[in-house]
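The residues making up each chain are set out below.
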Amino acid sequence: QVQPVESGGGLVQAGGSLRLSCVVSGSIFSFAAMGWYRQAPGKQRELVAVITSGGSPNYRDSVKGRFTISRDNAKNTVYLQMNSLKPEDTAVYYCHADTKPVVGPRGMDYWGKGTLVTVSS
């Protein structure tokens with residue numbers, strides 16, 4: 001059973017930092033593209049950052065220069081380092097594992113249950 005489990009959320013003041021972690025059980029991590037999504041109250045879920053199985057990152061424009069995604073295949077863990085946090089970063093952050101980029105259309109994707117990040121002004 002593949003299950004991403006997030007941790008590291010919490011309350012932080014604007015300008016502060018948090019590091020989110022996501023551990024993925026099962027054997028798919030090394031060939032999964034790993035992503036962090038977020039969903040603020042009343043808004044749609046949006047992609048924040050993604051890192052390919054080969055380690056190439058991409059970010060949404062609003063977090064470029066502030067957030068860094070990384071992965072440790074030996075620990076089945078993906079991280080999201082968030083610096084210079086703003087109140088608009090407040091959301092539930094979800095970890096996503098996607099094997100389709102490597103496996104193809106029959107690949108599976110998996111979601112964590114989320115971790116809440118609250119940035120106070």
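Up top you'll find the structure we're talking about.
Quick summary incoming for the structure in this document. (Residues numbered from 1 in each chain as written. Predicted model: local features only at pLDDT ≥ 70, side-chain atom pairs only at ≥ 80, totals over all residues. Heavy atoms only, no water.)

**Here we look at unusual backbone geometry**
If you check the backbone angles, Asn76 has positive phi at about 55 degrees while not being a glycine. For Asn76, the location among the structural elements is in the loop between β7 (67-72) and β8 (77-82). A positive phi angle is found at Ser84, which is not glycine, with a value near 50 degrees. Residue position: Ser84 is located in the loop between β8 and β9 (91-98). (Helix = DSSP H or I, 4+ residues; strand = E, 2+ residues; numbered from the N terminus.)

**Section: the state of the cysteines**
Counting across every chain of the model gives 1 disulfide. Through a disulfide, Cys22 is tied to Cys95; the S-S separation comes to 2.1 Å. Its torsion about the S-S bond being -85 degrees, the disulfide of Cys22 and Cys95 is classed as left-handed. Residue Cys22 is located in strand β3 (residues 18-24), and its partner Cys95 is located in strand β9; the two are separated by 73 residues in the primary sequence. Taken individually, Cys22 and Cys95 each receive the classification buried, so the pair is uniform in this respect. (Disulfide = S-S within 2.5 Å. Buried < 20%, exposed > 50% of the residue type's maximum accessible area, 1.4 Å probe, protein only.)

**What about the pairing of strand β4 (residues 33-39)?**
Taking burial as the measure, the 7 residues of β4 include 5 buried ones, the bulk of the element. Sheet analysis places β4 next to β9, joined by 7 bridges and oriented antiparallel. By the bridge assignment, Ala33 is partnered in β9 with Asp98. Pairing analysis gives 5 bridges linking β4 to strand β5 (residues 46-51), with the strands arranged antiparallel. What sits directly across from Tyr37, in β5, is Leu47. Where β4 hands over to β5, the hairpin turn is made up of 6 residues, of which Gly42 adopts a positive phi near 75 degrees. (Pairing = 2+ DSSP bridges.)

**What about a nonpolar patch on the surface?**
Together, Phe31, Val102 and Val103 make up a nonpolar patch on the protein surface, roughly 240 Å² of accessible area in all. One can find Phe31 in the loop between β3 and β4. (Patch = residues over 30% accessible without salt bridge, like charges linked within 9 Å, V, L, I, M, F, W, Y side chains within 5 Å. Areas by Shrake-Rupley, 256 points an atom, 1.4 Å probe, with all protein chains shown as cover. Salt bridge = Lys/Arg side-chain N within 4 Å of Asp/Glu carboxyl O.)

**Regarding the sheet that holds strand β1 (residues 4-7)**
Reading across from one edge, β1-β3-β8-β7 is the order of the 4 strands in this open sheet, with antiparallel pairing throughout. Edge positions in the sheet fall to β1 and β7, since each of these pairs with one other strand and no more. Ignoring strand direction, the axes of neighbouring strands in this sheet form an average angle of 15 degrees. In the sheet, β3 pairs with β8 via 6 bridges, with the strands oriented antiparallel. (Axes fitted to C-alpha atoms, helices over the stretch in contact; angles between N-to-C directions.)

**Focus: the packing of aromatic side chains**
Taken as a whole, this structure holds 1 aromatic pair when the rule is applied. A centroid spacing of 4.8 Å and a plane angle of 65 degrees characterise the contact between Tyr37 and Trp111, whose relative ring orientation is edge-to-face. In this pair, Tyr37 sits in strand β4 while Trp111 sits in strand β10 (residues 109-111), placing the two residues 74 residues apart along the sequence. The residue whose ring lies beneath Arg45 is Trp111, and the NZ or CZ to ring-centre distance is 4.7 Å. (Phe/Tyr/Trp six-rings, centres within 6.5 Å; stacked < 30°, edge-to-face > 60°. Lys NZ or Arg CZ within 6 Å of the ring centre and 35° of its normal.)

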